[in-house]
Amino acid sequence: MTALSNAISSKLPLLILLTAMATYFSPVYIKTATWIPGLLLGIVIFFTGISMNVSAIKDIRTKKRELLLTALLKWTITVIISIGLAYLFFSSNPEIMAGIILSGTVPSATAATLYTFLAGGNTSLVIASSLIDIAFSPIVTPLSMLGISETQVSISFFSLLRSFMMIVVIPLGAGIIIQRLYPKSVNYSKNITKLGSSLSLLLIIHTLVGNGKEAISLELGIIPLIALASFIQIVFPMIAAYFIAKKLSVNEADARAILFQVGLCNTALASILAFEFIGELAAIAPIINMIINLSVGAQIANYFAKKVIGETEKLETITQLEQLSENG
């Protein structure tokens, strides 16, 4: 199972793209109820909770400044860029606008932790910041959409909060509780989480693209522009967050963590919320964003993995990785 999960997860960006294209051009696809994609993501997040290195968060007590900076950058730069791109490129299409905004106002992606680890960054900072994201997102997302025409796009705070509770908070909390009650479950859940997450994402993409075929075909000409906007939406916050962190004398390991935490959003969740509350067309932008953010994230992680961190910071990172290893 380890070899299979590694093979699928390493090729995930390509597999997502191929799944989306195959579903769009195929006359046959799996048609499901609208709540199925949310259930699939909830299962993924449940296993993430089981395998999450919660004990590593204890080490973040000395990183309050970095934690505050990460949250500030995430909920200013990423949100402002997302809203700006939505209005700049898609002001005549409220559903696409909503999809772009959703892509930048959901919590960070689970891939942010993986890429931070591969890049030699501080994974504890990402995990702690992700929990903060869950509190901010249900508030920021509806506020970010206030300017969009309510006749075509309407998303309430309470509806969004309910979805967050059902898809993110409850599954994550349940996973963490099981981990605390049965510590050995961490060892057994790693491969299941990795393989299950990849297969669930592919099934979510298949379902959303299949149900949105007609809407996508009507807006096919705008796909390249959505791809461009998504690329800017991901890369600009990453670069800005990293250089701001370095200018503020944040150490290299923390700066790398901030880069991934700020730039990579959980666009699988954004796709599901767009599909549930807005319509098939709104899910296009998050799906494209997901393909790009996984690809860009992998490239940047590989780039940083080759760059040596200074001796002091290197020792901090080694200690951090040893703690991760000891805790499962």
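The residue count restarts for each chain, going from 1 along the sequence in the order it is written. Only residues with pLDDT of at least 70 are given local features in this predicted model, and only at 80 or more are side-chain atom pairs given and counted; all residues enter the totals for whole chains, interfaces and linings. Processing note: side-chain calculations cover all non-hydrogen atoms of the structure and skip hydrogens and water entirely.

A. Quick look at the overall build of the protein. Helix and strand content of the protein: 15 helices and zero strands. Burial analysis of the protein (328 residues in total) assigns 56% to the buried set. Two residues qualify as a contact provided that any one of their heavy atoms is within 4.5 Å of a heavy atom in the partner residue. Residue pairs in contact within the protein that sit at least 24 positions apart in sequence constitute 86% of those at least 6 positions apart. A total of about 14,700 Å² of accessible surface is found on the protein, and carbon and sulfur atoms cover 69% of it. Strands here mean DSSP runs of E at least two residues long; helices mean DSSP runs of H or I at least four residues long; both are numbered from the N terminus. Type-normalised accessible area, obtained with a 1.4 Å probe on protein chains alone, sets the label of each residue: buried when under 20%, exposed when over 50%, and partly exposed for intermediate values. Per-residue and other accessible areas were derived by the Shrake-Rupley procedure at a 1.4 Å probe size, with only the shown protein chains allowed to occlude residues.

B. Main features of the pattern of salt bridges. Whenever a carboxyl oxygen of Asp or Glu lies within 4 Å of a side-chain nitrogen of Lys or Arg, that contact is scored as a salt bridge. Throughout the structure, instances matching the rule amount to four salt bridges. With a closest N to O distance of 2.7 Å, K63 and D254 form a salt bridge. Taken together, the positions of K63 in the loop between α3 (36-51) and α4 (64-90) and D254 in helix α12 (residues 252-263) put the pair 191 residues apart, joining distant regions of the chain. Each member of the pair, K63 as well as D254, is classed as buried. The partner of E252 in a salt bridge is K246, and the shortest N-O contact between them spans 2.9 Å. By sharing partners, the salt bridges in this structure join K246, E252 and R256 into a single network.

C. Representation of the packing of helix α7 (residues 123-144) against α12 within the structure. Two numbers describe how α7 lies on α12: the axes approach to 9 Å, and their chain directions differ by 35°. Here α7 runs over α12; the crossing is right-handed. On α12, the residues touching L125, V126, S129, S130 and D133 of α7 are D254, A257, I258 and Q261. Partitioning the contact of α7 with α12 into residue classes produces four nonpolar, three polar and two charged. Only the contacting stretch of a helix is used when fitting its axis, a line to C-alpha atoms as for every element, and angles between N-to-C directions run 0 to 180 degrees. In this scheme the crossing of two helices becomes right-handed for a clockwise turn of the near helix relative to the far one and left-handed for an anticlockwise turn of less than a right angle. Each residue is assigned to one class: nonpolar for Ala, Val, Leu, Ile, Met, Phe, Trp, Tyr, Cys and Pro, charged for Asp, Glu, Lys and Arg, and polar for all the others, Gly among them.

D. Broad picture of the environment of L12. Here L12 shows up in helix α2 (residues 12-25). Separated by 283 residues in sequence, L12 and S295 have C-alpha atoms that sit 8.6 Å apart. Those residues in contact with L12 that lie beyond four places of it in its chain are S198, L201, L202 and L294.

E. Up close: the packing of aromatic side chains. Centres within 6.5 Å make a pair out of two Phe, Tyr or Trp rings, where for Trp the six-membered ring is used; the pair is then stacked when the planes are under 30 degrees apart, edge-to-face when over 60, and tilted otherwise. A complete count under the given rule lists seven aromatic pairs for this structure. Between Y24 and F25, the ring centres sit 5.1 Å apart and the planes meet at 85°, which makes this aromatic pair edge-to-face. On the numbers, 5.4 Å between centres and 65° between planes, the contact of Y303 with F304 is edge-to-face. For Y303, a relative accessible area of 49% translates into the label partly exposed.

F. Highlighting a nonpolar patch on the surface. What goes into a patch is any residue over 30% in relative accessible area without a salt bridge, connected to like charges within 9 Å or, for nonpolar side chains (Val, Leu, Ile, Met, Phe, Trp, Tyr), within 5 Å. A contiguous nonpolar patch, built from L14, L17, L18, M21 and F25 and spanning about 500 Å² of accessible area, is present on the exposed surface. Relative to the elements of secondary structure, F25 occurs in helix α2.

G. Fine view of the side chain of S163. Here S163 is to be found in helix α8 (residues 157-181). Within polar-contact distance, the side chain of S163 engages the side chain of E276 at 3.5 Å. In this structure S163 touches V168, L273, E276 and F277, once residues within four positions along its chain are discounted. Within 3.5 Å is the distance limit for a polar contact, defined as a pair of N or O atoms, with the added protein rule that one can donate a hydrogen and the other accept it, and that residues adjacent in sequence qualify only through two side-chain atoms.

H. Spatial organisation of the packing of α4 against helix α11 (residues 223-247). The N-to-C vectors of α4 and α11 enclose an angle of 150°; their axes lie 10 Å apart at closest approach. As the angle between them shows, α4 and α11 are arranged roughly antiparallel. Regarding α4 and α11, the two cross each other, and that crossing is right-handed. Contacts between α4 and α11 involve L69, L73, I77, T78, I81, S82, L85, F89 and F90 from the first element and L225, I226, A229, I232, Q233, F236, P237, A240, A241, I244 and A245 from the second. If an angle is under 35 degrees, it is roughly parallel; if it is over 145, roughly antiparallel; if it lies from 65 to 115, roughly perpendicular; otherwise it is oblique.

I. Just the nonpolar core, in detail. Formed by 91 residues in total, the largest nonpolar core has its most connected members in I258 and F260. For this core, the element with the highest residue contribution is helix α14 (residues 284-305), accounting for 11 residues. Think of a nonpolar core as a cluster: buried Ala, Val, Leu, Ile, Met, Phe, Trp, Tyr and Cys residues, connected wherever their side-chain atoms sit within 4.5 Å.

J. Structural detail: the confidence of the model for the protein. The share of residues in the protein with pLDDT of 70 or more is 85%, and the mean pLDDT across the chain is 82. The pLDDT score gives, residue by residue, the confidence of the prediction method on a 0 to 100 scale. Segment residues 324-328: pLDDT under 50, and nine contacts once partners within four positions in sequence are set aside and those in other chains are kept.

K. Local environment of the environment of I291. With respect to the element layout, I291 can be found in helix α14. Classification of I291 as buried rests on a relative accessible area of 14%. In contact with I291, other than residues within four places in its own chain, are P13, I16 and L17.

L. Representation of unusual backbone geometry in the model. Non-glycine residue S249 carries a positive phi angle of around 65°. Tracing the chain through its elements places S249 in the loop between α11 and α12.

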